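Coordinate analysis (summary)
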Amino acid sequence: MRRSILGFSAALVLAVFGAAVPVASAVVPAVTGPACIADKVGKVEYDSSTGLWTCIGGEHDGEPITTS
């Protein structure tokens, strides 16, 4: 009985996280590497504090990079 409750709880938590990931990624503004440097002002830099590539300067300043 305890195992089935634990299994059900784990499945429920995983389902909630699985549904939340696409929503969270849609909320975060993101830009591609070429779009970041297209205005010749922005540049792509690695932010070691967040572990993400970020556009610095230009039109997309501070936005995370999704693809290069």
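Cut-offs applied
Residues numbered from 1 in each chain as written. Predicted model: local features only at pLDDT ≥ 70, side-chain atom pairs only at ≥ 80, totals over all residues. Heavy atoms only, no water. Salt bridge = Lys/Arg side-chain N within 4 Å of Asp/Glu carboxyl O. Buried < 20%, exposed > 50% of the residue type's maximum accessible area, 1.4 Å probe, protein only. Pairing = 2+ DSSP bridges. Helix = DSSP H or I, 4+ residues; strand = E, 2+ residues; numbered from the N terminus.

Under the defined criterion, the tally for this structure stands at one salt bridge. One salt bridge connects E45 with K43, and the closest N-O pair in it is separated by 3.4 Å. The class for E45 is partly exposed, based on a relative accessible area of 33%. A residue is classified by how much of its surface remains accessible, and K43, at 46% relative accessible area, is partly exposed.

Before going further, it helps to spend a moment on the pairing of strand β2 (residues 52-56). In regular strands, side chains alternate between the two faces of the sheet. Bridge count for strand β1 (residues 43-47) against β2 is five bridges, and the pairing is antiparallel. Along β2, the bridge assignment pairs Y46 with W53. What sits between β1 and β2 in their antiparallel hairpin is a turn of four residues, with G51 showing a positive phi close to 80°.

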